[in-house]
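# Structural characterization, general
Next come the chains, spelled out residue by residue.
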Amino acid sequence: MRKILVIGIGAGDPDYLTQQAIKALNRVDVFFVPDKGTEKAALKQLRTTILQRFVARKDVDMVAIEVPQRAAAGCYQDNVDHWHAELADRYGRQFQQHLADGQIGGLLVWGDPALYDSTLRIIERLRAKGLALDYEVIPGISSVQVLAAKHRIALNQIGEPVTLTTGRKLADGFPSEAGSVVVMLDGTQAFAQLTEPDLEIFWGAYLGTPDEILIAGPLAEVKDQIATVRAEARARHGWIMDIYLLRRSAPA
Ligand SMILES: C[S@@+](CC[C@H](N)C(=O)[O-])C[C@H]1O[C@@H](n2cnc3c(N)ncnc32)[C@H](O)[C@@H]1O
């Protein structure tokens, strides 16, 4: 049977690679590289650095998988479902063409594969369609952990929950029962629209890279600063990856 190793490579710094991930990298016969065309420079750079630095074998094959654009108009869930179906077909074709029975394929996933990443769903789809494929998941250090470490904070307040969500969901308002809310994939700066008076924010961009930026403070006081810094950085780099934690300030 063919096997795929889904390897979390950490969110930015090659030093985030775990011993388990390095061992997994060195079991791989063929790396499959999703190609989004407009792939973020940081992802390309990190992947290249990791392969050069950690893979001992120099004869491993690299196979690109072209990633189609996801439709933007219409129902979000339906669009994602169609996109995953199309991706699964493309992954399946490449696995069948380039992996012989008994060989191991590798997929490098930014951060941790369990967090806002479609790779595991795509592999499950392929298996559901009857492709004989075994797989293993190697966890990675996610941007959520890096954010907490860089700001030197615990994700949760004592005995309170942590919600992981997206900018799209936060646009509906700060969840009333939530303790701490970690927001990813926010292209619209949903934090800037929140009106709760007692929120504090811990924001980070390009975490783990030489371009890292950190800003923290009461939301009302720093939200304009974050929006300005974010816009400048995005214009300078041509892209941005940012994440933040919101929570109610502890009573004085
Ligand atoms: C598609 S999700 C992938 C998350 C990834 N699997 C993880 O474990 O971090 C991409 C989002 O993760 C966050 N992100 C990932 N890496 C980041 C980094 N180095 N700095 C800031 N945010 C990051 C951003 O919110 C970005 O929009």
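Parameters at a glance
- Residues numbered from 1 in each chain as written.
- Predicted model: local features only at pLDDT ≥ 70, side-chain atom pairs only at ≥ 80, totals over all residues.
- Heavy atoms only, no water.
- Pairing = 2+ DSSP bridges.
- Helix = DSSP H or I, 4+ residues; strand = E, 2+ residues; numbered from the N terminus.
- Axes fitted to C-alpha atoms, helices over the stretch in contact; angles between N-to-C directions.
- Contact = heavy atoms within 4.5 Å.
- Buried < 20%, exposed > 50% of the residue type's maximum accessible area, 1.4 Å probe, protein only.
- Salt bridge = Lys/Arg side-chain N within 4 Å of Asp/Glu carboxyl O.
- Domains from an automatic or database assignment.
- Buried area = accessible area lost by both parts, 1.4 Å probe.
- Nonpolar A, V, L, I, M, F, W, Y, C, P; charged D, E, K, R; others polar.
- Core = buried A, V, L, I, M, F, W, Y, C linked by side-chain atoms within 4.5 Å.

### Observations concerning the sheet that holds strand β8 (residues 199-205)
Pairing is mixed in the open sheet, where five strands are placed in the order β6-β7-β10-β8-β9. The open sheet is flanked by β6 (162-166) and β9 (213-218), the only strands paired with a single partner. The average undirected angle you get between the axes of adjacent strands in this sheet is 15°. Across the sheet, helix α5 (residues 143-151) is in contact with β6, β7 (180-184), β8, β9 and β10 (242-248); its angle to β8 comes to roughly 110°. Relative to β9, helix α7 (residues 219-237) is tilted by about 160°, and along the sheet it contacts β8, β9 and β10.

### Observations concerning the environment of Leu147
Mapped onto the elements of the fold, Leu147 is located in helix α5. Overall, the relative accessible area of 0% leaves Leu147 in the buried class. Expressed as a C-alpha distance, the spacing of Leu147 and Ile201, which sit 54 residues apart in the sequence, is 11 Å. Contacts of Leu147, omitting those with residues within four sequence positions, involve Phe202, Trp203, Gly204, Leu207, Ile243, Tyr244 and Leu245.

### Describing the pattern of salt bridges
Applying the stated criterion across every chain yields a total of 14 salt bridges. Here Lys3 makes a salt bridge to Glu136, at a shortest N to O gap of 2.7 Å. With Lys3 in strand β1 (residues 2-8) and Glu136 in strand β5 (residues 133-138), the pair connects residues that are 133 residues apart, well separated along the chain. Arg57 is the partner of Asp29 in a salt bridge, and the nearest nitrogen-oxygen pair spans 3.2 Å. Linking Asp29 in the loop between α1 (19-25) and β2 (30-35) with Arg57 in the loop between α2 (41-54) and β3 (61-66), this pair joins segments that are 28 residues apart in sequence. For Asp29, a relative accessible area of 17% corresponds to the buried category. In the salt-bridge network here, residues are joined through shared partners; they are Lys3, Arg27, Asp134 and Glu136.

### As for the domain arrangement of the protein chain
The parts lose accessible area when they come together, and the size of an interface is often stated as this lost area. Segmentation of the protein chain into domains returns domain 1 (2-138) and domain 2 (143-248). Relative to domain 2, the C-alpha centre of domain 1 lies at a distance of 27 Å. Both sides of the domain 1 and domain 2 interface together cover about 1100 Å² of buried area, and 73% of this is carbon and sulfur. At the surface where domain 1 touches domain 2, the tally comes to zero salt bridges. Residues of the side of domain 1 that touches domain 2, tallied by class, amount to eight nonpolar, one polar and two charged.

### As for the nonpolar core
The biggest cluster of nonpolar side chains holds 24 residues, and the ones touching the most others in it are Leu170, Ile201, Trp203, Tyr244 and Leu246. Elements represented by at least two residues in this core include exactly β7, β8, β9, α7 and β10. Setting aside chain neighbours within four positions, we find Tyr244 in contact with Leu147, Leu170, Val181, Val182, Val183, Asp186, Ala190, Phe191, Ile201, Phe202 and Trp203. Counting residues in hydrophobic clusters, the runner-up holds 20 residues, among them Ile4, Val63, Ile65 and Ile123.

### Considerations on unusual backbone geometry
At Arg152, a position not held by glycine, the phi torsion is positive, near 55°. As for its position among the elements, Arg152 is in the loop between α5 and β6. A residue is classified by how much of its surface remains accessible, and Arg152, at 77% relative accessible area, is exposed. In the Ramachandran plot, Gln189 falls in the positive-phi region, its phi being about 50° despite a non-glycine side chain. With respect to the element layout, Gln189 can be found in the loop between β7 and β8.

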